[in-house]
Amino acid sequence: MIIDILSWICLFAGGVLGIIGGIGIHRFPDFYSRLHAAGITDTLSAMLILLGLGLQAGLSLATFKLALIFIFLFFTSPTASHALANAALHSGLKPRVDMENGKAKS
Amino acid sequence: MFIAVSLAILITMGLALARALMGPTTYDRIAAVNMFGTKTVLLIAVLAFLSGRTDLLDIALVYALINFMGVVAALKLVTQGDFHSSVKDRTKKAETE
């Protein structure tokens, strides 16, 4: 019963974080801020959802597969974000800076 | 409850797809597609539990692998213009320039 409640909390938090990341990638003004929103929420929401599913499954083969997906996403999601930011920076995409000489730039 | 989680993931996928279609730069599109792929993995995992067929988790695992490869390959194609040039070629080209 307690494990059930814990897993629902994890799944719910993961879904909410996912939606927050979606809103972030949709509404932020600049590529780097969008990548920031997407990269951070992606990893945490994936972890929470997989953890919730693992708690539902109990100790079985499904949990092992979920752990494999978990480990793989844990390493590749930040790597992909880093590669994206690195490629964008090297190709000359400048981060948007709003303040110039203390005055707000549109 | 699994249905609520899968709906939340679907909403996120819709928002990411909107950014992939709007995105002013190519990198915006690649970032959105990367997010879309990660959410697809999660959606497959949740659907496996929703339908009670946990064999679907294998497909989620394979999708996670292919998604990462695809993003890195797309980045390489965008930044270098081809798939086959190595880092050594790139530094040589930079030196001659």
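Just so we're clear, the structure is a prediction, and the values are computed from it rather than from any experiment.

Caption draft 1: Inspection of the overall build of chain B at higher detail. Helix and strand counts for chain B come out as four helices and zero strands. Helices and strands in chain B line up, N terminus first, as α-α-α-α. Out of the 97 residues belonging to chain B, those deemed buried represent 35%. Considering only contacts in chain B between residues 6 or more positions apart, those separated by 24 or more positions represent 41%.

Caption draft 2: Region of the structure containing the overall build of chain A. Each helix and strand counted, chain A has three helices and two strands in total. Tracing chain A from N to C terminus, the helices and strands come up as α-α-α-β-β. Taken against the 2.2 N^0.38 rule, which gives 13 Å for 106 residues, the C-alpha radius of gyration of chain A at 18 Å runs more than 25% over that of a compact globule. In terms of its C-alpha atoms, chain A occupies a principal-axis envelope of roughly 60 × 25 × 20 Å. Buried positions account for 37% of the 106 residues belonging to chain A. Within chain A, contacts between residues at least 6 apart in sequence are counted, and of these 59% link residues at least 24 apart.

Caption draft 3: Just the nonpolar core, in detail. Grouped together as the largest cluster of nonpolar side chains are 47 residues, with contacts concentrated most on A:Ile49, A:Leu84, B:Ala45 and B:Val46. Elements with a contribution of two residues or more to this core: helix H1 (2-27), helix H2 (31-57) and helix H3 (61-90) of chain A together with helix H1 (2-22), helix H2 (26-51) and helix H3 (56-80) of chain B. The dominant element in this core, judged by the number of residues it contributes, is H2(B), at 14 residues.

Caption draft 4: Structural view of the interface of chain B and chain A. Contact with chain B, which involves 37 residues of that partner, is made by 38 residues of chain A. Mapped by element, the contributors of at least two residues to the side of chain B that touches chain A are H1, H2 and H3 of chain B. No other element matches H2(B), which puts 14 residues into the side of chain B that touches chain A. When grouped by side-chain class, the residues that make up the side of chain B that touches chain A number 27 nonpolar, six polar and four charged.

Caption draft 5: Inspection of H3(B) at higher detail. For H3(B), which comprises 25 residues, the first-to-last C-alpha distance of 36 Å matches the rise-based estimate of 36 Å (1.5 Å per residue) to within 8%. Regarding H3(B), the residues found buried are B:Leu57, B:Ala60, B:Ala64, B:Asn67, B:Phe68, B:Val71 and B:Leu75. On the buried face of H3(B), the contacting elements are H3 of chain A together with H2 of chain B.

Caption draft 6: Region of the structure containing the confidence of the model for chain A. In the predicted model, chain A carries a mean pLDDT of 86, and 92% of its residues have values of at least 70. Looking across chain A, the model is least confident in strand S2 (residues 103-104) of chain A, with a mean pLDDT of 61, and most confident in H1(A), with 90.

Cut-offs applied
Residues numbered from 1 in each chain as written. Chains lettered and ligands numbered in written order. Predicted model: local features only at pLDDT ≥ 70, side-chain atom pairs only at ≥ 80, totals over all residues. Helix = DSSP H or I, 4+ residues; strand = E, 2+ residues; numbered from the N terminus. Buried ≥ 20, exposed ≤ 12 C-beta atoms within 10 Å, placed from the backbone. Contact = placed C-beta atoms within 7 Å. Rg over C-alpha atoms; globule rule 2.2 N^0.38 Å. Core = buried A, V, L, I, M, F, W, Y, C linked by C-beta atoms within 7 Å. Nonpolar A, V, L, I, M, F, W, Y, C, P; charged D, E, K, R; others polar. Expected span 1.5 Å × (residues − 1). pLDDT = per-residue confidence, 0-100.

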